[in-house]
Structures are given as C-alpha cells and as structure tokens.
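Structural overview
Residues per chain, in single letters:
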Amino acid sequence: MKPTISRLISLDALRGFTIAAMILVNYPGSWSHVYPPLLHASWNGLTMTDFIYPFFLFIVGVSIAFAYTKRLQGGFSKNEMYKKILVRSLKIFLVGVFLNLIPDFDFSDMRIAGVLQRIAVVFLVCAFLFLNTDWKKQAYLAGSLLFFYWLAMTLIPTPDEGVVMLEPGRNLAAWIDRILLPGKMWEGTWDPEGLFSTLPAIVTGILGLLAGKILLEGNNGNLKANYLMAIGLPLVLLGLLWAQVFPINKHLWTSSFTLITGGTAFIALGACYFLVDILGKQKGTSVGIIFGANAITVYVLADVLSLVFYYIGFGGQSLNMHFMDGITGIGISSKLASLLYALLFVGINFIPAYLLYKRKIFIKL
C-alpha cells in the first residue's frame with residue numbers, strides 16, 4: 001500500500017518540547033543548585049534528563065522516514081538526495097564545532113565531538129540506510145550493532161588496563177577515542193559523544209526509522225498508536241534485563257540504555273500520536289510546534305545567547321548570578337531560583353523561535 005504522507009502535529013510538538021527540555025537542563029541559574037532529576041546520572045543509572053538526547057535522535061529517525069518517503073514519491077532521485085544529505089550533515093557538524101569554539105576560538109584546544117556532531121552522524125547514516133535498505137535490514141542492523149557493542153565493551157580488555165573495565169575514562173570506548181578522536185575531549189581522557197559510543201546512538205536513530213515506518217503504513221491510526229506502544233514496552237523490558245549484565249549508562253550509550261530510552265520514545269510517540277492526531281487534543285501543542293519548526297536553529301541560538309547571560313559581566317557579575325542573588329534574596333530556595341532562571345531562559349529563546357515561525361522562516365541546517 002502506498003504510504004499516506006501527512007504532517008503529524010504530535011511529531012512536530014514532541015520535537016519542539018524535546019529541544020525546550022534540552023535548553024532547560026543545559027542552562028540552569030547555577031550548576032551548584034540543580035534538582036537531581038534535571039542533572040544527568042553521574043555514571044551508571046538514569047535520570048529524567050538522560051531521556052532528552054536519545055528522544056531527539058529517535059525523532060531524527062522518524063523525521064527521516066517521513067521526509068524522504070515524501071521526496072521519493074515526489075520523483076527526487078537518490079543522487080539528488082545523497083548530495084543534500086551530505087551537505088546538511090556537514091553543516092550540522094560544522095555548526096557543532098563552531099559552538100565548541102566560542103567564545104575564545106582557541107583552535108589549539110578545539111573539541112571535535114559534541115551533541116550536534118553526533119546528530120549529524122546519526123542523520124547521515126540513518127538517511128542513507130533509509131534510502132537503501134528495508135525495515136527488516138534496518139532492524140537486523142540495529143540488533144547486530146547493539147550485540148557487537150555489548151560484546152566488545154564487556155569482553156575486550158581495555159588496552160591501558162589489561163582487563164575489561166566500564167569505569168569513566170577506563171573502558172574500551174574511551175581508549176578508542178583517545179587513539180582516533182582528534183582534538184580535546186569533554187572530560188579530558190574521555191568524551192560522552194565519542195566515536196565508538198556513536199554506534200549505539202545510531203541504533204537510536206534506526207529505532208526512529210522503524211517507528212516512522214509504522215506511522216507511514218496503513219490508515220488505521222488506532223492500530224498504529226497501539227503498535228508503537230506495544231513495541232516500546234518490550235524494548236524497555238529487554239533493556240532492563242540487559243542492564244543486569246551491561247549497566248544503563250548514557251555516557252557510554254550502552255545497549256541497555258539504548259533500548260530503555262528508545263522503547264520509552266516509542267511509547268511517548270504512540271501516546272502523543274493517539275492523543276493529538278487521532279483524538280485531536282491539540283491544546284498546548286503550539287509551543288512545541290513553534291520550537292520544533294526550527295529545532296536545531298533554536299538550540300544553536302540558545303548556546304549563543306548563553307554568552308550574554310553567563311559570560312558577559314554587568315555590574316561585576318553575570319546576568320544569571322544577578323537573577324540568582326535577587327530571587328534568593330527574597331527567600332526563594334537556591335534550587336528553585338535556578339529552575340526559575342532556566343524556565344526564563346527557555347522563554348527568552350521562545351521569542352526568536354516564535355518570530356521565525358510567524359514569518360514562516362524555517363532554517364534547515
């Protein structure tokens with residue numbers, strides 16, 4: 001059956017709310033005062049914040065399925081699409097490197113890895129996979145990558161240590177990054193967006209491709225929502241089972257982490273699709289749609305705007321500290337003040353997002 005291509009309000013809103021959540025957790029009033037759920041797990045474990053990045057990569061996969069199915073039906077050749085995919089991936093990657101350079105632009109201490117750089121790689125690989133493989137091969141590849149990563153990380157001794165280790169900076173992924181990854185690393189001896197751990201992150205994007213396949217097939221919306229949630233639950237359970245031998249760890253993007261977050265993304269998308277696109281409960285989605293219309297652009301703008309709020313001094317200290325001092329001075333706790341600042345910063349970034357959306361300007365990095 002020929003896929004029916006229609007824009008999903010739930011997908012657009014989920015993308016936007018995910019970006020808003022990224023900004024919220026990335027820019028607190030003070031890193032010394034943050035509620036634990038708004039911080040990443042220090043190593044093994046899972047917090048609410050740890051779901052945000054994999055949700056976005058999952059949404060990248062779903063969006064690829066929709067966008068490139070539409071282009072194929074529109075008569076675009078694969079060669080045309082290959083060029084655009086390569087150019088877009090390169091632009092996203094270079095913007096990520098640019099964000100790592102600001103504000104000092106010290107090229108001798110440049111970090112190559114990063115959030116946008118991993119998004120660029122996942123987009124590139126998943127887009128090429130979508131155009132050249134069917135869903136069965138994608139699912140097989142996803143499973144194979146997770147098993148390969150698990151076996152490699154738990155059976156191959158870390159060369160510097162002589163034994164298998166899964167400790168910060170003392171594991172196979174960190175060793176590979178030290179050998180192959182140019183530039184400095186986020187944590188000195190290891191990087192959470194390193195090369196080897198990008199393999200399971202690609203699987204998160206592939207899971208999005210598979211979810212997109214479900215949404216594009218058939219016309220029964222209730223069935224599609226049920227399929228998404230029915231697939232998500234066993235993925236989460238399998239991830240919890242796998243965690244007994246391969247811990248849940250975002251920094252290493254372990255196979256258990258991939259399945260738990262990917263399965264949760266399946267469930268969240270299925271629920272949002274059912275509520276918003278099938279039942280028509282669209283109240284409150286406009287904020288997400290506006291953020292999502294220029295998702296990566298807004299993410300970049302937040303990073304640039306943070307220079308004004310965090311690094312430029314006004315009256316002897318930065319704006320975020322003026323805010324913290326003022327709010328805590330009237331009796332509000334430091335953690336609540338830090339959260340209020342983060343919410344305010346999200347609201348400030350909503351302004352350019354709204355202006356772009358209102359003028360129908362959609363910047364595709």
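Structure first, text after, so check above.
Summing up its helical and strand segments, the protein chain has 13 helices and 4 strands in all. What you see for the protein chain is a C-alpha radius of gyration of 21 Å, in line with the 21 Å of a compact globule of 365 residues. Sorting the 365 residues of the protein chain into buried and exposed places 50% on the buried side. Intrachain contacts of the protein chain at a sequence separation of at least 6 include 73% that bridge at least 24 residues. By element, 67% of the accessible surface of the protein chain is carried by carbon and sulfur atoms, the whole surface being about 17000 Å². For the protein chain, the distance from the average site of its 27 positive side-chain charges to the average site of its 18 negative ones is 15 Å.

Considering all chains together, one arrives at 8 salt bridges under this definition. For K184, the salt bridge is made with D109, and the minimal N-O distance between the two is 3.7 Å. Placement of the pair is K184 in the loop between α6 (172–180) and α7 (198–216) and D109 in the loop between α3 (78–101) and α4 (115–132), with a sequence separation of 75 residues.

Together, Y35, L336, L340 and L343 give the surface a local cluster of nonpolar side chains, amounting to about 300 Å² of exposed area. Positionally, L340 belongs in helix α13 (residues 334–358).

We now examine the side chain of T258. Of note, T258 is situated in helix α9 (residues 255–278). By relative accessible area, which is 0% here, T258 ends up buried. Aside from chain neighbours lying at most four places away, what touches T258 is L146, P200, V203, T204, L207 and W253.

In this section: the packing of helix α10 (residues 285–293) against α13. Where α10 contacts α13, the two axes come as close as 8 Å, and the packing angle between them is 75 degrees. Compared by their axis directions, α10 and α13 come out roughly perpendicular. On α13, the residues that touch V287, I289, I290, F291 and A293 of α10 are V346, N349, F350, A353, Y354 and Y357. Residues that form the contact of α10 with α13 fall into these classes: 10 nonpolar, 1 polar and no charged.

Remark: the centre distance and the inter-plane angle together describe each pair of aromatic rings, the angle taken between the planes. Here the structure, examined in full by the defined rule, presents 23 aromatic pairs. Look at W253 and F257: their rings are 5.0 Å apart centre to centre, the planes differ by 80 degrees, and that puts the pair in the edge-to-face class. Accessibility assignment for this pair places W253 and F257 in one class, buried. Ring pairs connect the aromatic residues Y27, F309, Y310, F323, Y341 and F345, which therefore count as one cluster.

Right, let's get into unusual backbone geometry. Residue P103 follows I102 across a cis peptide bond; omega there is 5 degrees. Considering the arrangement of structural elements, one finds P103 in the loop between α3 and α4. The phi torsion at F105 lies on the positive side, around 55 degrees, for a residue other than glycine. With respect to the helices and strands, the residue F105 is situated in the loop between α3 and α4. Notably, K360 is not glycine yet its phi reads approximately 55 degrees, a positive angle. You can see K360 is positioned in the segment after α13. Its relative accessible area of 67% is what places K360 among the exposed residues.

With that out of the way, let us pick up a positive patch on the surface. A grouping of K70, R71, K84 and K364 is seen on the molecular surface, where their side chains present a positively charged patch. Mapped onto the fold, K70 is located in helix α2 (residues 52–73).

Here we take up the nonpolar core. Soluble globular proteins: nonpolar side chains tend toward being buried together. Of all hydrophobic cores here, the largest spans 102 residues; its most connected members are I64, Y68, L116, M153, F266 and L269. With 13 residues, the single largest contributor to this core is α2. Apart from the residues within four sequence positions on either side, L269 is in contact with L11, L14, F58, V62, A211, L215 and L228.

Basis of the calculations
- Residues numbered from 1 in each chain as written.
- Predicted model: local features only at pLDDT ≥ 70, side-chain atom pairs only at ≥ 80, totals over all residues.
- Heavy atoms only, no water.
- Helix = DSSP H or I, 4+ residues; strand = E, 2+ residues; numbered from the N terminus.
- Rg over C-alpha atoms; globule rule 2.2 N^0.38 Å.
- Buried < 20%, exposed > 50% of the residue type's maximum accessible area, 1.4 Å probe, protein only.
- Contact = heavy atoms within 4.5 Å.
- Areas by Shrake-Rupley, 256 points an atom, 1.4 Å probe, with all protein chains shown as cover.
- Lys, Arg positive; Asp, Glu negative; His and termini not counted.
- Charge placed at Lys NZ, Arg CZ, Asp CG, Glu CD.
- Salt bridge = Lys/Arg side-chain N within 4 Å of Asp/Glu carboxyl O.
- Patch = residues over 30% accessible without salt bridge, like charges linked within 9 Å, V, L, I, M, F, W, Y side chains within 5 Å.
- Axes fitted to C-alpha atoms, helices over the stretch in contact; angles between N-to-C directions.
- Parallel < 35°, antiparallel > 145°, perpendicular 65-115°, else oblique.
- Nonpolar A, V, L, I, M, F, W, Y, C, P; charged D, E, K, R; others polar.
- Phe/Tyr/Trp six-rings, centres within 6.5 Å; stacked < 30°, edge-to-face > 60°.
- Core = buried A, V, L, I, M, F, W, Y, C linked by side-chain atoms within 4.5 Å.

By themselves, these are just geometric observations and shouldn't be taken as functional.
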